[in-house]
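So the chains spell out like this:
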Amino acid sequence: SGEGGCVSDGQGPRTGLGICGIFRLTDYPQILVGNSLIFLDPTGECFFDGVRSVTTPTEEHGRNEAQNNSNENQSSQTKSTAKKYQISNQFPSNFPDQLAPFLVLPVGVTESFALKGGVMQLPTFSGTIFRLPLRKESQSKICPRTFEDSAVIETLMQEFVNVAPSCFLFTCNLRSINILKWSPSVKTYEDVLSTSLSSSSAARRNHIKDLTSNDDWKRKKSKSKLVKLLQSKWVPLFSSLQIQVRSRYGGRSGKESEEVDYFVVVSVLAPPKLQIMACTDAMKQLKLLPALSIAAHIGREKNNSFIRFPSSKKTLCVGFPLPNEKTGLPFFVNAPLFQHELRGSILLNEDDDSDFRSKYAVRNVKIGNGEETRVLALHVWNRECLSSALVCLIPTLLTEVRNILLGELNKLDKRVLYRVWPRQNKLELRYKDFLSADLYESLGKLQIYLTDKSGFQTAENGVFSSPAHQISSGALNFFRDRITLFSVPSFVSQDLELGRPINRFNPSMARQLLREKSSITTRLGCNSTLILDILEYCLSDLLAVDGIEDSSATSIVKELCGLYIIPTEADTLCSFGQKLIVASPQQQSLLPSLKDKFVSHRVLARLERYFLNSSFLAMVGLEKFGPRVLANNIKSVLPPEWKGQDFVRWDSSVESPSKLWLYQFWKEVRIYDTDSLQLFRQWPLIPTTSGELASCSNAKFILAFCPNGGDVMLASFLEKEFRTMNATLSKESKRLVLSEAATARAESSRSVVPGDVSYTSDDSYESEEDIEKDCVTESAAPSSIARQNTAEYADAATEENQTELEEESWFCSSDIKNLHDILSKLRCPLIELSYFSSDSIAKFLPRDPLTLSRYILITLNHCLDYWTTLKTGEQRLRWLELSGDDMDDLIRLLTTHRGTRLSLMPSDFSLLRNIPLFSSLSGERVSLNREEHFTLDENVNSGSLALYLPSRIQRIILTEIPEVKHLLQDLGIQQLTEGLVLQKYVLPIFSILPSAQRDQVCDVILQHWSTLNCIEFTDALKKCSFAKKRLCDEKVELVKPNELLDPRNDLFRAIFNQSLHVFPYEEFYRSQWLEILSVLGMKNAVDKDIFLKCAHQVEDENDVAKGIYLMEYFAENFGEFTCTPDFCSQLSEIKCIPALLSNEALALYCTKDVSIPLHRHLVFRVLPVIPENIAIPQIIFSSLKIVSPPSISVVLKQLRVLTDEKEGSLDQWGYKFGSIEDVFRSIFSFLEHNYEALSPRIQSGLKDRAIIPVGTTLVKSSRLFFRLSRDLSPFFYEVPRAFGAYDKLFCSLGVRQTPQSNDYAILLTDLKREIGDSSLNANELKSVIEVISLIAEVDKSTAQTSIFGPDEISTLLPIEKLMQNDVPHILQKKGLNRNALHIVHPRVSEELCNKLKIPRISRCVREHLVNGFEPRVI
């Protein structure tokens, strides 16, 4: 396979397998070169002795290593692996078999030997021939591949044929290749292939020479900065070459053909990364040439015209192609790649040659002076070669091919360019990483994308078709005239999207174009084929939508709205969003006035995967024809006055609809489909035997049970008319379809792009196995909508003829016929079966006689309850037309079948009871539902009942008929005893019987109580008001037993001794009746309700004694009551509990308004307290709304009342349950425990109020002290010993240990504020003087402005306003203003006045003589 442009000195790894590749085919190759014949036997199987003469470097290296590891004698003789023979003149004659394979070749071996052989000259062949005997045995030590099978050999030869043209691409000297074939039965060879380079070999040689002879890329070690600068500015060298290879196939077979293949080769020398690697110390020793090439097959010419040819998967090349290294790329890649020495595979990963490296050390190279050894990572070099080749050369190749197509090969279809496009999805797995997104991004910037208008453009200057949506050629041309649309394969756009976003033409863009230019579609109204193509494309993106819930579906539907692209049956265009209906021609004939609402049937034929799919119709707002559509528009066909009618008279000869229309209607709407029928519930459309049409809402009440009961002539007429209509519609539909198909073919032929037929097919892009995939306009993937199983469109024209119904034996019986005749005579609604298919009839006929009986019962009841009369006023059911026998037969047929009773259910019997078929004692035919009927027991004497049985009861007594005796039992008709007669028919009307009859009934009950005492009778008697009680005016009232109280109960007698109306009266007060009444529910025990009644009685009488008795009973029998919250709540509202408020007498109160004796001291003045002997259980206090302990507000109210001056002094303490100290101790204890819960306002009020009793005097807390040195009452007091335990409360209220001077001053100030200008009494005066003395003694710093003292009239004044009366005569002066002089009280001592610094009057009053006054002697 050559060195692929790589030079190696034989030391280390080589690129390519070299001559070792021949051992893949043979174990014993032979080489004829010059005058030498060389035989190779590397396994040593053919040569048995002699010394090894010729070995390959690899073999020699391997053998040396094996010898180093062996213990054998190195000097021993080994088998030869190769021998070289010089050809002498006698050699051909001496060894003819050895040369025979060479001499028969048509390459001039015989001629060369004859021309150059002679006496003085040895035979010589100017060339080299490799003979490779194909391996036959599978036991080879070199390779297991064998070629025994002729098919394998044929395949091998075909591989040579296929690869031969590509062998010229990257070689320098190869000129031609001939492949010959010898068949076993043929003596001479056959030409299989003769291929040669037809383009300039010199151009190819120069192309390769330019790459191999350029050393400028090499980085040489130099200290010169200039050299380094020049080396750093190396620019990769690009070159291109066009190669033509002429191949001739066949020969003797007479099928010889000649083809010329056109190739484009682009090369690059030393791309940046590869240059750096090649110049490293390790790689430099291998003398690698970083030259890369790729070659593309762009055309094939045959008979002077280009033909279509399949694109095969290209391979990697190392000089020659490597057949096993298929990349999936559409071009060959040639590079100096390292292969596995044994397997020949390209090394791309670190582990690819791990097995070889573990045996041989050929990867080690020495660096510098040989002191450093490095291991070559050959896969890194290979990967960089491939990456650089693809990144650098693919854009160049595409540009070069484009230029060729625009120049030398302009007769080729320009889309050939995309045969060499690097397709990501075709790459083999191990080469996936070499095509990066950056590469495709760079390709998008090239001008290589073909358009119809502007030639090649960049990806940004046009729109790509969408691979997901199929579009016809007509629609594509329609849109191409209006936008710049690329004519490129879909895979181009798909790959471009890996590296950059692109503009795609999709249905959304088409819809936008149609919306912006709405006038476009109006001009297409006459071109139905094109408008259908456009419609189909605009819908194609719905293929990927799973349902209307999908958000993308909502967006698509919004874009479709307003587009006038839906043809209607009226040859108009409508838009999405309008109310349109999808229907077949047969269905459209049901609503002939709605042609402009029906989608054209041509749309259905073309796009049935959309328009016959319910999901699609729901998304776009279209409605599929069906019962619902028919129901919504039925008013356009039927007379409006029919709406809401149960029955209408119908004459099809006078008014619509016709009989055929009704026949067709019932083919569209199945009468057995309840949901469909409900849509027409307001319209009468069910044909009946009476000539009426019955409402669809009553379909279940219209009978059909006799298959042969229809009108035979009418059925034949309807079937004939329907077939005629279908034939007409089918013929017209077929004509339109054929016309549109012809139009479509003509349109398609006009839309073909002119050019060479060889390349107009999209198949030209593909390989042989993918020839049918990925066209320019790809077929869309099956949609989720299309994947759904759409129901096959019903075509009434193809409906099969009615088949004869398989009738069961019971349908054909005489009873069924008799039943049908009776119901017809009765004029019961029966369906006319001629309008329905046999399938429908079979589905709504009754399954069995029992079902039929139920249907008839339901229908007859409906006629009795609702359809009582006809429009004419006549009764619908003609009972008078039936004889007695007919009625008896009807009862028999409804309840039995062939003598066997039907298993009717209670609901069936209920329906039967409503039909007037039963004979009574009065001789009338009556129904059993209006009132209860019965028969009498054999032991009952009907005459004895006449004394009290009303006459109307006789109508409900039925006569027993033997045939229906069991039926009466099933219907629940009872045989009554006298007790049952009383229970059912006498007791309910007891109150309206005359008095004498009532007394007689009571006597019967009393006399026969032992036999009548059963649960049913007693329950009835309990509900009857028959017991007497006395009213207040001595009148008698009849009541139920449970309304009376047993007078034998002690509590009842005690509480209701004044209300005897609660007890039985007259004869019912006797013991015998009292026992009976007790059984019947007379109250003889106290329960919650009775107790409440007693409580109300106590409240009404306001009797305290009864209240005590009642509450004592309650306390004693508390366990017998279930004191529910409701009971307690009611009891708490009744004034029935005695209680004592303050010193008042006992009275009745509600429990919510009283307190218990435990809290008497806290509440006795504000809440009534119940007596000690009434011990209500504490567990129900809350239920009775008794608050324990009392609330703070109640205790504060009690304290306020006790300390209120208006209530009187504590001197008159009349509370007999405790002393003053007892009461206030309780209050203070309560306040101390709840003081923190008091609001600041309440706490302040307690401090300001006199609430603490000292003896009988109430004192404020501010005037109370825990210790006083002297008695300062009535101003200051010491805390009484009885309240000493409440020091915490008193401290909170402001009580202190001892008074201070300020306390005295404050006391005087408060006293002044209390008494104002009033005079002090003697005690107060004394105490005030004592306080003033204490102030003067304790603290002399007290300001006089805050001290008050008594003046001469015992009025308190500030000390600074007072004066001592040391000169009494001054006060007697007439001119003195006494209002300005305030003399201190004379009981205040002079010493005290001096301490208080009260001034003397003599120092304050000055006397002056009046001017002119002259004293005189008196």
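Here, the structure is the one placed above.
Here's a quick rundown of the structure.

Parameters at a glance
Residues numbered from 1 in each chain as written. Predicted model: local features only at pLDDT ≥ 70, side-chain atom pairs only at ≥ 80, totals over all residues. Heavy atoms only, no water. Pairing = 2+ DSSP bridges. Helix = DSSP H or I, 4+ residues; strand = E, 2+ residues; numbered from the N terminus. Axes fitted to C-alpha atoms, helices over the stretch in contact; angles between N-to-C directions. Contact = heavy atoms within 4.5 Å. Phe/Tyr/Trp six-rings, centres within 6.5 Å; stacked < 30°, edge-to-face > 60°. Buried < 20%, exposed > 50% of the residue type's maximum accessible area, 1.4 Å probe, protein only.

The 3 strands are arranged 24-26-25 in an open sheet whose pairing can be described as antiparallel. Two strands bound the open sheet, and with one partner strand each, they are strand 24 (647-649) and strand 25 (684-687). Each adjacent strand pair in this sheet contributes to an overall mean axis angle of 40°, direction not counted. Direction of pairing for strand 24 relative to strand 26 (residues 692-695): antiparallel, over a ladder of 3 bridges. Each bridged residue has a counterpart across the sheet, and for phenylalanine 647 the counterpart in strand 26 is alanine 694. Each of strand 25 and strand 26 touches helix 24 (residues 659-668); the most contacted strand, strand 25, lies at about 90° to it.

As a further point, take the sheet that holds strand 3 (residues 82-86). Strand order in the open sheet made by the 4 strands is 3-2-1-4, with antiparallel pairing throughout. Sheet topology places strand 3 and strand 4 (125-131) at the edges, where each strand pairs with a single neighbour. Shown here is a sheet whose adjacent strand axes are inclined to one another by a mean of 15°, direction ignored. Taken together, the 5 bridges between strand 1 (residues 30-34) and strand 4 define a ladder with antiparallel strand orientation. Paired with valine 33 across the strands is threonine 128, a residue of strand 4. Contacts from helix 3 (residues 96-103) reach strand 1, strand 2 (36-40) and strand 4, with the element oriented near 100° to strand 2.

Bridge count between strand 20 (residues 564-567) and strand 21 (residues 573-575): 3 bridges; the pairing is antiparallel. The partner of proline 567 across the bridge, within strand 21, is leucine 573. Linkage of strand 20 to strand 21, two consecutive antiparallel strands, is achieved through a turn of 5 residues, within which aspartate 571 is found at a positive phi near 60°.

So, about the packing of aromatic side chains. Applying the stated criterion across every chain, the model contains 39 aromatic pairs. Considering the side-chain rings of tryptophan 661 and phenylalanine 665, the 5.5 Å spacing of their centres and the 15° angle between planes classify their relative orientation as stacked. Residue tryptophan 661 and its partner phenylalanine 665 are both found in helix 24; the two are separated by 4 residues, about one turn of the helix. Residue phenylalanine 665 is classed as buried on the basis of its relative accessible area of 0%. Here the aromatic rings of phenylalanine 1224 and phenylalanine 1228 are separated by 5.8 Å at their centres, their planes lie at 50°, and the arrangement is tilted. Within this pair, phenylalanine 1224 and its partner phenylalanine 1228 are both found in helix 46 (residues 1220-1234), separated by 4 residues, close to a single helical turn. Both residues of the pair, phenylalanine 1224 and phenylalanine 1228, belong to the buried class. Taken together, Trp661, Phe665, Trp666, Phe680, Phe836 and Phe844 form an aromatic cluster joined through their ring pairs.

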